[in-house]
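Structural features, examined
Below are the chains, spelled out letter by letter.
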Amino acid sequence: MNSNHQDYNLSYLKRYFQQYVPHIVLTILFLIVSRVAATAEPYFLKRIIDFITQNQGAALANNQEIIALLGIYFLTRTGAFIFDFLRDYFLAPVQMGVGRDVARDLFQKLLRLPISYHHDQKTGSLARRIARGAQSINFLLDFAVINILPTLLELLFVTGFLIYLYPVRYGVITFLTVVLYAIFTVLTTEIRQKYRLAANVADDEASGIQIETVYNIETVKIFGNEQMQQQRFADKIKEWFWASVRSNQLFAAISAGQSLILTIGFGVIIYFAISEALAGVLTIGDLVLLTTYVVRLAVPISALGFVYRRIKDGITDLSEMSKIFYEQADSIEAIGNYTLDKPRGQVSFRHVEFDYKSRPALRGLTLDIPAGKRVAIVGPSGAGKSTIVRLLFRLYRPKQGSVCIDEVSIFDIKKDQYYDIIALVPQESMLFNDTIEQNIRFGKPEASQKEIEDAVRLANLTDLIKRLPDGLNTVVGERGVKLSGGEKQRVAIARAVVKQPKILVFDEATSNLDAEAEQEIIGAIRKASAGRTTISIAHRLSTIIDSDIIFVIDKGKLVESGTHKELLESNGLYARLWATYQRIHQTI
Ligand SMILES: Nc1ncnc2c1ncn2[C@@H]1O[C@H](COP(=O)(O)OP(=O)(O)O)[C@@H](O)[C@H]1O
Ligand SMILES: [Mg+2]
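Residues numbered from 1 in each chain as written. Chains lettered and ligands numbered in written order. Predicted model: local features only at pLDDT ≥ 70, side-chain atom pairs only at ≥ 80, totals over all residues. Heavy atoms only, no water.

1. With respect to the sheet that holds strand β4 (residues 400–405)
The following threshold applies: A pair of strands counts as paired when DSSP detects no fewer than two bridges linking them. Strands are runs of DSSP state E lasting at least 2 residues, helices are runs of H or I lasting at least 4, and numbering of each runs from the N terminus. Two residues qualify as a contact provided that any one of their heavy atoms is within 4.5 Å of a heavy atom in the partner residue. Only the contacting stretch of a helix is used when fitting its axis, a line to C-alpha atoms as for every element, and angles between N-to-C directions run 0 to 180 degrees.
A sheet is described by the order of its strands in space; here four strands give the open sequence β2-β1-β4-β5, paired in antiparallel fashion. In the strand order of this sheet, the two ends are held by β2 (359–369) and β5 (408–409), each with one partner. Relative to β2, strand β1 (residues 347–356) runs antiparallel, the two sharing eight bridges. Within β2, the residue paired with Y356 across the bridge is R359. On top of the sheet, helix α12 (residues 385–392) reaches β1, β2 and β4; it is set at about 110° to β1, its chief contact.

This is the structure:
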């Protein structure tokens with residue numbers, strides 16, 4: 001186990017178990033009585049055997065004592081599995097309940113983690129970590145309640161019972177044999193595990209080489225490297241061979257060692273028992289009882305090596321998942337509590353500095369966007385345009401300076417109101433695999449049918465909806481694959497405008513589209529921008545020439561602003577961008 005897993009204290013899990021205390025108490029209770037019954041069972045078998053050896057020739061039917069013994073024997077046997085059933089019956093809600101509660105809280109936690117955390121994750125790995133962690137709770141409880149605890153209890157009961165019934169040595173020998181067997185099993189399984197892991201790694205690598213070679217067979221042949229690939233493969237296979245052989249040989253040795261320990265323990269007990277049976281102190285029944293216990297205890301313990309390993313893996317998985325609980329959640333939601341009376345939609349950035357982990361993105365940016373205007377932000381790639389949008393949507397906090405709406409710091413505005421005021425149509429709009437209507441509703445879940453229809457109209461979607469056989473109920477497919485790029489963007493616009501935001505932001509919303517689709521979107525943007533502040537970020541300058549104000553950004557700073565005409569006249573960066581843009585467009 002990696003040492004840093006130890007940093008993640010698992011004590012927080014306590015609160016998940018607290019609500020199940022009655023279930024846990026019952027589970028443990030039934031676990032104990034089931035082991036008492038299991039321990040008692042061989043004893044009554046011994047009594048039956050003793051009875052038989054002492055009463056040869058007696059009739060079964062009318063002998064009270066043997067019938068009573070048989071009855072009790074039968075009860076202990078059924079008791080053991082009925083109590084096991086009750087134990088599992090009460091364990092199930094604990095197991096599943098804790099799993100459910102942890103999953104629920106983890107998901108909530110995930111939603112609250114800052115965007116920077118999510119950007120740092122590999123896709124899928126987070127989901128895998130959570131799934132494995134939640135699973136591990138399940139089987140850790142399983143192993144504890146079904147294997148480890150019962151075996152331990154049985155060992156204690158048997159030892160105590162033997163010491164009570166017979167001279168102390170029988171209990172002590174049984175106990176020592178079982179403990180020695182357990183220690184031997186765990187230690188040797190650990191060693192064997194190393195070889196198994198090595199074999200698995202070599203096997204993965206060997207098949208990796210094979211797949212890669214076949215996949216790139218042309219390259220291999222063009223370079224004449226067949227021999228080289230063959231050699232690489234052969235080397236890996238050799239590693240696998242040795243590790244596997246060692247692993248199997250060790251397994252054989254472990255089994256032999258286990259049997260040896262059992263046989264020796266057994267032998268010692270039988271030695272004492274036989275000599276005492278010959279002396280008339282012990283009976284045949286005693287012999288059977290003593291040997292039964294040793295064998296019965298050894299059976300669950302032979303799985304101990306495996307269980308032990310799974311428990312270690314389980315704790316690792318649990319710690320990996322627990323890390324997520326210890327991540328610093330976003331403080332943004334907790335802060336804002338201010339409600340704007342009548343939001344107008346004026347936006348300002350004042351001396352904003354912002355770095356992505358020491359990579360400067362905005363360096364003292366100041367922008368003043370008047371309410372109700374249609375403005376554009378332009379600039380070379382990497383200038384910081386998308387960063388402005390991310391800050392405005394509170395995905396990050398500026399290192400210095402302030403971002404305000406109607407002169408109130410955006411971090412002071414209450415969350416519910418905030419995301420009603422502003423809406424974004426990004427470059428690549430992610431739709432959910434649901435109907436068009438549901439995707440639009442994501443912007444305003446309680447929207448009336450009329451509001452949906454208005455949004456559809458503003459987004460230039462009316463014709464499309466009419467053409468589709470299922471209309472608004474058309475399912476868009478995974479990430480919206482069943483729609484064209486332009487259609488997807490217009491659904492995204494409808495989703496943004498359905499909540500009637502005061503501020504509407506488009507971040508390169510047309511840059512992935514062809515000229516025709518672009519015209520549709522631009523039409524939609526014009527319609528949607530009436531009565532609200534509209535901020536368009538665009539590198540196709542033709543789409544923004546008629547903006548009220550154009551802000552030109554370079555290297556995280558504002559370098560110029562004005563109308564298209566003014567900016568051309570001042571002959572700065574915008575004029576150069578415009579000239580380049582025109583040259584490119586003439587050649588197309
Ligand atoms: N998540 C990120 N992590 C680190 N650096 C980033 C991240 N996003 C953007 N950047 C960097 O910040 C700068 C500004 O990026 P961005 O705002 O996306 O530029 P624009 O949208 O103007 O092309 C660029 O240098 C970019 O490489
Ligand atoms: Mg960008």
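2. Considering the domain arrangement of the protein chain
The condition is simple: Each domain's limits were defined by an automated method or a database of domain assignments. In short, buried area is how much 1.4 Å probe accessible area vanishes from two parts on joining, totalled over both. In what follows, salt bridge is the name for a side-chain nitrogen of Lys or Arg lying within 4 Å of a carboxyl oxygen of Asp or Glu. Nitrogen and oxygen atoms within 3.5 Å of one another constitute a polar contact, given that in protein one can donate a hydrogen and the other can accept it, and given that sequence-neighbouring residues count only through two side-chain atoms.
We note that the domain assignment places domain 1 (1–164 + 310–330), domain 2 (167–281) and domain 3 (335–587) within the protein chain. Tallying the contact residues gives six residues for domain 1 and eight residues for domain 2. Carbon and sulfur atoms make up 77% of the surface buried where domain 1 meets domain 2, a total of about 590 Å² over both sides. Counting across the interface, domain 1 meets domain 2 through one salt bridge. With a shortest N-O distance of 3.4 Å, E190 and K312 are connected by a salt bridge. Our enumeration of links across domain 1 and domain 2 arrives at one residue pair in polar contact (both at pLDDT 80 or more).

3. Things to note about the packing of helix α2 (residues 21–54) against helix α3 (residues 64–112)
As a reminder of what qualifies: In what follows, roughly perpendicular refers to angles from 65 to 115 degrees, roughly parallel to angles under 35, roughly antiparallel to angles over 145, and oblique to any angle outside these ranges. The sense of a crossing depends on the near helix, which, turned anticlockwise from the far helix by less than a right angle, makes the crossing left-handed and, turned clockwise, makes it right-handed. When residues are sorted by character, Ala, Val, Leu, Ile, Met, Phe, Trp, Tyr, Cys and Pro go into the nonpolar class, Asp, Glu, Lys and Arg into the charged class, and all the rest, Gly among them, into the polar class.
At a minimum axis distance of 7 Å, the contact between α2 and α3 shows a crossing angle of 160°. Comparing the axis directions of α2 and α3 gives the class roughly antiparallel. Where α2 crosses over α3, the handedness of that crossing is left-handed. The residue makeup of the contact of α2 with α3, split by class, is 24 nonpolar, five polar and seven charged.

4. Comments concerning the side chain of D101
In this fold, D101 is placed in helix α3. Those residues in contact with D101 that sit more than four places away from it in its chain are Y16, Q19 and Y20.

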